[in-house]
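So the chains spell out like this:
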Amino acid sequence: MQRLLFPPFRALKGRQCLQLLAPRAAPRVQCDCIRRPLRPGQYSTISEVALQSGRGTVSLPSKAAERVVGRWLLVCSGTVAGAVILGGVTRLTESGLSMVDWHLIKEMKPPTSQEEWEAEFQRYQQFPEFKILNHDMTLTEFKFIWYMEYSHRMWGRLVGLAYILPAAYFWRKGWLSRGMKGRVLALCGLVCFQGLLGWYMVKSGLEEKPDSHDIPRVSQYRLAAHLGSALVLYCASVWTSLSLLLPPHELPETRALLWLRRFAHGTAGLVFLTALSGAFVAGLDAGLVYNSFPKMGESWIPEDLFTFSPILRNVFENPTTVQFDHRILGITSVTAITVLYFLSRRIPLPRRTKMAAVTLLALAYTQILIPRYLAG
C-alpha cells in the first residue's frame, strides 16, 4: 500500500509545488516598459489566487494527485471483488442467515463467552432456517456459519471505510476535480446503498412463511439486486481508476473501430445480464435441478419449462426455466466474447487493448471449465 500511494505524494512535494506557494516576481517583458513589482499579497497564477482566497488548496489537481486517486480507486475495486467472492463462499456454505440482527457498530464485536454464544444460538433458533433445515445443528456447527457471515459483513464495512475515508481526505486536499467529485459521491453513495441492500436481502430469508414448507432462502430478486449493485460499483471504480491512470489513445474513428466499440458495449451488457441470471439460479437453488450438460436430463428443452402461470413468472421463479435461461445466456456470452476477440485482431489496436481482449477470452473459457469441474 505504501509503495502504491506514497510515490505520488513525494512528487507533490517537489520543487514545482513549492514554487507554486511562493509569490512570483514580475514577468520579464520585451518592451522598454517600466517593471512594476507585485504588491504584497498579489499573486500571478490561478492556483495562487485560490490559495490567497482562503481555500488553502490548489483548485485543479495535479497529475500526481490524479495518480493517487486512480490507485486508490483501483484498490477499492479490489476490495469490492473480494466482497463478491466472500459473498459467494457465504452462499455456498449456507451461512447467510446465521446472523439474525443487523447493527452497524454493535455487531462488530463477536461473542466471546459461552453464555454469549448460547444466547446468539438461541436467537438463531427462533427463525425458519433452524426450525426447518438445521433443527439438529450443534453449537460448534453454528459457530462456523456465524463466522462466515460475520467475515462477510466485516469485509463490507472495510469496503465502506476504504471508499469514504480517503474520499473525504482527497476532497479536503482539493485533489478532486468537479467532475471527479460527482463520481466519488456516487461511488460512496452506492457503497452505503449496497450495505442496506444486503440486510434487506437477508431479512427476506428470516421471514416466517406459514403457507410454505420449502427450504428458507433469501429472495432471488433481492439477491440479484445485491449482486448487480456490487458489479456496478466494481465496474465504475475500475473504469474511473483507469481513466486517471492510463493516458487515452488517439485512434482514427474508422467504421470498423466504431462497430467494434458498439459490439464490445453489447457484450458487456450481455455478460452483466448473465451474472444477474446466475443470482436467480443461486437464489432458487436452480443449479441442482439438472446436472447434465448440454442436455437437461434426456431432452434439449425440458417439459416443465412453462409450468407456472402467467408465463412470465417462469423466467424469475421456475427453477427449471431459470437454469435453462442461465445456460443460454452463458453460451451466448462466450460466443460474443469469442467474436469480439477475433474482431479485435482485424483492427490495429493499442497493445493494452489487445491484452484485454486476450484476457477476457481466457477468463470466459475458464468460466466454462469451473462449473464442469465442480459438477465432477
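Numbering of residues begins from 1 in every chain and follows the order in which that chain's sequence is written. In view of the model being predicted, local features appear only for residues whose pLDDT reaches at least 70, and side-chain atom pairs are presented and counted only at 80 or more, with totals across whole chains, interfaces and linings using the full set of residues. With hydrogens and water stripped out, all remaining heavy atoms of the structure feed into the side-chain values.

> Which residues make up the confidence of the model for the protein, and what values go with them?
Of all residues in the protein, 81% have pLDDT values of 70 or greater, and the mean over the chain is 83. Per-element confidence in the protein is highest for helix 7 (residues 139–173), whose mean pLDDT is 96, and lowest for helix 3 (residues 46–52), whose mean pLDDT is 37. Confidence over residues 1–60 falls short of pLDDT 50; this stretch has 57 contacts with residues more than four positions distant or in other chains. A score from 0 to 100, pLDDT tells how confident the predictor is in each residue. Note on conventions: DSSP H or I runs of at least 4 residues are helices, E runs of at least 2 residues are strands, and numbering of each starts at the N terminus. Every residue pair with non-hydrogen atoms within 4.5 Å of one another is taken to be in contact.

> So what's going on with the pattern of salt bridges? Residues and values would help.
Put simply, a salt bridge is a Lys or Arg side-chain nitrogen that is within 4 Å of an Asp or Glu carboxyl oxygen. The final tally for this structure, using the stated rule, is nine salt bridges. Across the pair Arg123 and Asp101 runs a salt bridge, and its minimum N-O distance is 3.7 Å. With Arg123 in helix 5 (residues 114–124) and Asp101 in the loop between helix 4 (63–92) and helix 5, the pair connects residues that are 22 residues apart, well separated along the chain. Each residue's exposure class comes from its accessible area (1.4 Å probe, protein chains only) as a fraction of the maximum for that residue type: buried when under 20%, exposed when over 50%, partly exposed otherwise. Residue classification places Arg123 among the partly exposed positions, given a relative accessible area of 35%.

> Before we move on, could you go through the packing of aromatic side chains and cite the residues and values that matter?
Centres within 6.5 Å are what make two rings of Phe, Tyr or Trp a pair, Trp counting through its six-membered ring; a difference in plane orientation under 30 degrees is then read as stacked, over 60 as edge-to-face, and the rest as tilted. This structure, assessed with the given rule, holds 20 aromatic pairs. Between Tyr341 and Phe342, the aromatic rings sit 5.2 Å apart at their centres with planes inclined by 70°, giving edge-to-face as the arrangement. An aromatic cluster is built from Trp117, Phe121, Tyr124, Phe130, Phe142, Trp146, Tyr147 and Tyr150, whose rings are joined through pairwise contacts. Over a ring means this: the NZ of a Lys or the CZ of an Arg is within 6 Å of the ring centre and within 35 degrees of the ring normal. The ring of Tyr200 has Arg222 sitting right over it, with the charged end atom 3.7 Å from the ring centre.

> Any chance you could break down helix 12 (residues 319–345) for me, citing the residues and the numbers?
Since the α-helix advances by 3.6 residues per turn, residues separated by three or four positions end up pointing in the same direction. To estimate the expected span of a helix, subtract one from its residue number and multiply by 1.5 Å. Here helix 12 contains 27 residues, and its C-alpha end-to-end distance of 39 Å stays within 8% of the 39 Å for a straight helix at 1.5 Å per residue. Two N or O atoms form a polar contact when they lie within 3.5 Å of each other; inside protein one atom must be a possible hydrogen donor and the other a possible acceptor, and for residues adjacent in sequence the pair counts only when both atoms belong to side chains. For helix 12, the N-terminal capping position is held by Asn318, with its side-chain oxygen 3.1 Å away from the main-chain nitrogen of Thr320.

> Which residues make up the environment of Val281, and what values go with them?
Checked against the element boundaries, Val281 lands in helix 10 (residues 255–284). Along the sequence, Val281 and Ala224 sit 57 residues apart, while their C-alpha atoms lie 9.5 Å from each other. Sequence-distant contacts of Val281, defined by excluding residues within four places in its chain, comprise Ala286, Gly287, Val322, Gln323 and His326.

> Hey, could you go over the UniProt feature "transmembrane region" (unreviewed entry) in the protein for me, with residue numbers and the actual values?
The UniProt entry lists residues 72–92, 154–172, 184–202, 222–246, 267–290, 326–343 and 355–374 under the feature "transmembrane region" (unreviewed entry), expressed in the numbering used here. Between the first and last C-alpha atoms of residues 72–92 the distance is 31 Å; the span itself is 100% helix and 0% strand. Measuring from the first to the last C-alpha atom of residues 184–202 gives 28 Å, for a span that is 100% helix and 0% strand. UniProt positions are given in the numbering used here, feature names are shortened, and annotations may be inferred rather than shown by experiment.

> Describe the nonpolar core, naming the residues involved and giving the relevant values.
Within this scheme, the nonpolar core is defined by two criteria: the residues are buried Ala, Val, Leu, Ile, Met, Phe, Trp, Tyr or Cys, and they are joined through side-chain atoms within 4.5 Å. In this structure, Phe121, Tyr124, Met137, Phe142, Trp146 and Val322 are the most contacted members of the largest nonpolar core, which totals 25 residues. For this core, the secondary-structure elements that each account for two or more residues are helix 5, helix 7, helix 8 (178–205), helix 9 (220–245) and helix 10. Among the elements that make up this core, the one with the highest residue count is helix 7 (five residues). If sequence neighbours within four positions are ignored, Phe121 has contacts with Phe130, Met137, Thr138, Leu139 and Phe142. One finds Leu73, Met180, Val184 and Cys188 within the second-largest nonpolar core, a separate group that totals 23 residues.

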